[in-house]
Amino acid sequence: MTKHIETNADLTSLKSPISSRFPASLPEPWLNQWNELLEKQDATQRVEWAMENLPSQFVLSSSFGIQSAVMLHMLTQVDSNIPVLLTDTGHLFPETYQFIEQLTERLKLNLHVYSAKESAAWQMAKYGEEWAKDEASLKAYNRRNKVEPLERGLKDLQAGSWFSGVRRQQSDHREGLSVVSILRGRFKVHPIIDWSNRDVHQYLTKHGLPYHPLWDQGYVSVGDTHSTRPLTLGMEESETRFSGMARECGLHTDGDGI
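Keep in mind it's a predicted model, so treat the numbers as computed, not measured. (Residues numbered from 1 in each chain as written. Predicted model: local features only at pLDDT ≥ 70, side-chain atom pairs only at ≥ 80, totals over all residues. Heavy atoms only, no water.)

(A) Broad picture of unusual backbone geometry. Here S56 and Q57 are connected by a cis peptide whose omega angle stands at 5°. By the element assignment, Q57 lies in the loop between α3 (43-53) and β1 (58-61). Here the phi dihedral of F64 falls at roughly 55°; this positive angle occurs in a residue that is not glycine. For F64, the location among the structural elements is in the loop between β1 and α4 (69-78). Backbone geometry at Q158 places phi at a positive 55°, although glycine is not the residue there. Residue placement: Q158 occurs in the loop between α7 (135-156) and β4 (161-163). Of the residues examined, Q158 reaches a relative accessible area of 49% and is grouped as partly exposed. (Helix = DSSP H or I, 4+ residues; strand = E, 2+ residues; numbered from the N terminus. Buried < 20%, exposed > 50% of the residue type's maximum accessible area, 1.4 Å probe, protein only.)

Written as structure tokens, this is what we have:
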């Protein structure tokens with residue numbers, strides 16, 4: 001990990017001892033003060049602040065989506081061995097699996113892959129195409145294949161704080177997210193929450209990092225093969241996933257699914 005960043009007296013005064021690895025709650029004024037400060041910091045400073053002030057162990061979750069190389073590169077520059085947690089539904093694009101292999105080798109990632117307890121084929125035989133039925137069925141699919149494996153991985157890795165690359169620009173729900181929050185009993189940190197698509201492009205270009213291979217085919221967001229479409233004329237970005245039925249799968253919201 002890099003050395004402690006130079007900060008002003010305001011940052012020093014905001015340091016508070018946190019003894020609980022999985023805090024159930026935190027005084028709201030603390031979070032408000034932290035976020036007021038962190039909104040003024042750049043992404044790397046936010047990462048370094050979190051690693052100095054929040055409970056370990058630290059984990060980065062990644063979907064290996066369109067922009068994922070940004071966070072994977074940024075976090076491994078601060079902590080080269082940070083666990084990277086991927087939830088594999090068994091329905092990812094071949095290009096996504098290839099992208100995972102490419103970035104894991106290039107960045108020497110400490111990758112941990114978690115999947116549902118039932119295989120994709122088993123679930124298909126048992127439940128059918130849940131993602132195509134209704135929101136209740138889609139919620140069950142997401143909970144079984146994304147939320148539960150993620151939570152199991154975070155528990156196995158003894159995560160006290162986890163990093164995510166979500167951005168406010170991506171959905172209505174994410175517009176209200178702060179740099180630091182508490183989700184399901186753990187600290188959650190969004191270093192690039194306020195980044196634009198241009199910021200992402202500039203970072204990838206500066207460091208010679210790739211977009212997901214499907215970016216060149218018009219995909220602006222990539223998930224499962226059965227519920228992801230490229231962006232075409234007249235479409236909203238939210239319509240490229242789950243036919244616009246639901247943008248959030250539950251990983252980044254407080255609950256058990258959508």
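Here the narrative resumes, following the displayed structure.
(B) Looking closely at the packing of aromatic side chains. Under the definition given, this model contains 7 aromatic pairs. Measuring from centroid to centroid gives 5.7 Å for W195 and Y203, while their planes differ by 50°, and the two rings are tilted. An aromatic cluster of at least three residues, connected via ring pairs, comprises W34, W49 and F187. When the ring centre of Y127 is taken as reference, the NZ or CZ atom of R144 above it lies at 3.8 Å. One residue, K188, lies across the ring of W162, its end atom 4.9 Å from the ring centre. (Phe/Tyr/Trp six-rings, centres within 6.5 Å; stacked < 30°, edge-to-face > 60°. Lys NZ or Arg CZ within 6 Å of the ring centre and 35° of its normal.)

(C) Quick peek at the nonpolar core. One finds L54, F64, M74, L75, F163 and V180 to be the most contacted residues of the largest nonpolar core, which totals 49 residues. At the level of elements, α2 (28-38), α3, β1, α4, β2 (83-87), α5 (94-107), β6 (186-189) and α8 (197-206) are the ones that each hand at least two residues to this core. Per element, the largest residue contribution to this core is 7 residues, and it comes from α4. Membership of the second largest hydrophobic core comes to 9 residues, among which are Y114, L150, L154 and L183. (Core = buried A, V, L, I, M, F, W, Y, C linked by side-chain atoms within 4.5 Å.)

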